[in-house]
Amino acid sequence: MQFASAKAKNCKRVCLCQCRTEQNQRNPLSNNASLPNNLPEMIDDYKDEYLLRLQKSSLYNLLKEKCKEKDSEVIALVDQAISYAYQRTKTILKHMGEFTLHDGDHLFRVLNLMGKLIPEEALRNYSTPELTILILSSFFHDIGMAPEEKEILAWKKIWDYKRTFINDEEKDEFEKFERFYSARPNSKEIISNLIINGKHTEADLQKGYLIAEYIRITHAERAKEVIAKDWNNKIVFRDVDLTVEFAQICYSHNENAQTLLELDSNFLCGSEIYSCLPLIGVVLRLADILDFDAKRTPELLFSHLNVKHPISIQEWNKHRAVEAWEINSEIIQFNAKCKHPAIEASIHKFCDMIDQELSICNNIISKLNDSNQVKERNILIKIPFKVSRDKIQTQRSVHNKPLYIYKDTQFNLSKKQVIDLLMGTKLYGNPEVALRELLQNSIDACLLRKAQEKKWGNLYSPEINVKYYKEDGSIILEVDDNGTGMDQYIIDKYYSKIGSSFYKSSDFYNLKSVSNADFTPTSRFGIGILSCFMVADTLNVDTKRVYEPHNSSEALNITVEGQESIFWIKEGNRKMPGTTTKLVLRKEKNPWDEMSETDFIKSIDSVIPNPPFKLNIHTSTEIKSKDENSFLTYTAVSLKDHTWKSHENLKVFEIELKNKKDGIIGSATVGILESLGQPLAKVELNSRDIEIEGEIYTLEKQITISENSISESSKTITITDDGDISESNSTSEFAKSRSRLSLHGIEVPSTLFPNSWDLKNNQVRIAWPFPFILVVDVCGTRDLDLNSPRTEIIMSDKWIDFEQELAFLICQSIANQVSTEYWNKLKEMFIDKNKNKTFLVGLKRVKK
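Here the structure is a predicted model, which is why all the values come from computation and not from measurement.

A. Focus on the packing of aromatic side chains. A full pass over the atoms with the stated rule returns 34 aromatic pairs. Measuring from ring centre to ring centre gives 5.9 Å for Tyr84 and Phe140, while their planes differ by 15°; the resulting arrangement is stacked. Within this pair, whereas Tyr84 is found in helix α4 (residues 72–89), its partner Phe140 is found in helix α8 (residues 128–140), the two being separated by 56 residues in sequence. In this structure Tyr84 comes out as buried when scored by relative accessible area, which is 1%. Overall, the relative accessible area of 0% leaves Phe140 in the buried class.

Written as structure tokens, this is what we have:
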């Protein structure tokens, strides 16, 4: 993602540069350049509103002074550009109403803060181009917050059933928003459910939140596009076009501050006239983040708007608490009186962000100080390293008592105990799951890369190798894949963050959308890597991440010695993208130590019965390979036990489940009770009345079909030692239900037919009116919800949909194998004996 971002930035610069060279001559505003076409011709409804405020700006007045004798066209440029930006930002509130304001007031405050940050003696030394870019950047940095109405309409088509596009530009805008929307499946599901339930007003509110969020996160990129479209070749000083540099400065306020050092610190704008672009970027960033007061969230506007979004409420309250501030080269201090500890905590958190920004910007200023030319010009600013928080206080009552006692106290997790819980048998139970977790990570990485390579038009064969061997006296379990691999970004943000799964992140969904990947990842909780420390003290990882065709990250080698250890990261030697994970196993907790090589291979087979591509299992003497075709050898017949004995009243149906589009593949064996070729719920095997000493006793034996099994019951009599006659009933089961289920190739080790007394809260259980054996893999885009250790399926809409589909597939297959008369009787019996509504939904879909 970092690479893609850098690429997009470079492409935009090329685009702007091409626009320059395509025109035969420059078109500065001093040569009668016009305003952008989408503005009314020189009609400014807000001129009186902003002109007086502009004239109070120290930067603007200094610029006018410098342009008195020369460069008067620069003032015309600034006036016209501000007019454009001010009018356009009036539309921000329409779609960003619940975020802190980025309207004209904010722009002027940013401009004024620039004047506070730059000491007067330094400001006098700023060149005309520097002052021009500073002033214009204060008005254009948030111009992307005001998209055109046609862009909004293009985005909203994501919720239209029929989509038609006026032109390629509208389609391109739609596809950008579609990628953003696809990367947020939770929001997508919420909106879908609201619409299904007829809650269209709430659905529209959620749509509005999404559009506002999209505007916010893309506004810097959009600002560059606005400048390229409406102001190309117009940001000119004398004969030097500053459009590209101006666009980069506006864009930079939303990027990592360190990227400012990539800009030219001595950009030549004319004879002996320079612009220090990184410094301009620093001033813009600081002025923007320091606009932090009640004016940004006025009380009247806050009361008027129906603010509901929790993030928005936090932002509004945070700003409304600030009463005054002092900002200069010596001190940055906010005066805030807070009515609620959450507001005070929020202000402190915001101050932490400012502190971080101050630290980074001080570092940049220090590096600029190394430039003799910048140093000689005496234009550098001095800023504090931290915000003074002395006047951030709790509001007091009329009795001069604080409304609350502020302490930064909240629930915190004990790292060691949480890690012990997550990696211990309390969660996972069986230490063998360490291997399962590694395998599912590798499968997901390979499936994602497979989609990427297909999108790029490259040949790619995913492959995983599992090895168990000795090395330097240690026993090693190794899992190697040629999947997407990892870079430092993925390691920092996901791999090392417990509970933060890459496969549940917007980063993954963005990649999935761009590559048209259609698989459902099995890794989703972000805690699986901890299970490795159930069996190992040392974890060693070699990895290299693929970015795009024939381009990948630097190889990295990671060593972790214990779950609380610092990651030891070094330059790696891996040549091709992918990941190799080695576990140095502990002898006392090694579940494979006592296994023969054959048993080790069987162990891997059971963990991953249906790999979606080639999996090689290496031992010291052999290599066994399996792939998606290997699952065909696992059939329901293989799970038959002694209860499935042959019986003249038991009819067995063998069923294949092999349509991948249903997301259910495998096989099933179904047992139906019948007599004389017809299905029955009960079959009387024999019955006889016996008279003993004048008493009639009935001896009988019968078979009954019941929930998930067939039962044989009998009534007998015995003579006790005292000569008394005793009656007794006995029951035995045969054709008992069994299951083996895997999810996207990985085994889920629990049964689908648990005893009712063993059933855990929210655990699923199949209860159908006949016995059957099931061997199945849930694949494709079909998914099930699992508990955290992935040992049990939990009840959800996904399970209900799966059970309905499974009932339909099995019942339809039975119907296809019997006569209409037989099926009608069987169906009637199923309905009569069934208590499972989910099963009935699937049954009703069967056509005969």
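Once you've had a look at it, read on.
B. Expanded view of the layout of surface pockets. The computed volume of the second largest pocket comes to approximately 1,100 Å³. Forming the boundary of the second largest pocket are 29 residues, of which Pro185, Asn186, Glu189, Tyr509 and Lys798 lie nearest the centre. Secondary structure elements with two or more residues in the lining of the second largest pocket: α11 (185–196), α22 (506–515) and α24 (797–817). The leading source of residues in the lining of the second largest pocket is α11, at six residues. Looking at the lining of the second largest pocket residue by residue, the classes come out as eight nonpolar, eight polar and 13 charged.

C. How the structure looks around the sheet that holds strand β7 (residues 392–394). Spatial strand order, β5-β6-β7: three strands in an open sheet with mixed pairing. Each edge of the open sheet carries a strand with a single partner, namely β5 (322–327) and β7. Each neighbouring strand pair of the sheet contributes to a mean axis angle of 10°, computed without reference to strand direction. In this sheet, β7 lies alongside strand β6 (residues 332–338) in parallel orientation, the contact comprising three bridges. Note on β7: the bridge partner recorded for Cys338 is Thr394.

D. Main features of the environment of Ile569. Turning to its location among the elements, Ile569 is positioned in strand β14 (residues 568–571). For Ile569 and Asn557, which are 12 residues apart along the polypeptide, the C-alpha to C-alpha distance reads 5.6 Å. Those residues within four positions of Ile569 in sequence are excluded, and the remaining contacts are Gln488, Ile491, Leu556, Asn557 and Ile558.

Calculation notes
- Residues numbered from 1 in each chain as written.
- Predicted model: local features only at pLDDT ≥ 70, side-chain atom pairs only at ≥ 80, totals over all residues.
- Heavy atoms only, no water.
- Phe/Tyr/Trp six-rings, centres within 6.5 Å; stacked < 30°, edge-to-face > 60°.
- Helix = DSSP H or I, 4+ residues; strand = E, 2+ residues; numbered from the N terminus.
- Buried < 20%, exposed > 50% of the residue type's maximum accessible area, 1.4 Å probe, protein only.
- 1 Å grid on protein atoms, 1.4 Å probe; cavity = no way out; pocket = protein on both sides within 12 Å on 5 of 7 lines; lining within 4 Å.
- Points joined across faces, edges and corners; volume = space filled by probe spheres on them.
- Nonpolar A, V, L, I, M, F, W, Y, C, P; charged D, E, K, R; others polar.
- Pairing = 2+ DSSP bridges.
- Axes fitted to C-alpha atoms, helices over the stretch in contact; angles between N-to-C directions.
- Contact = heavy atoms within 4.5 Å.

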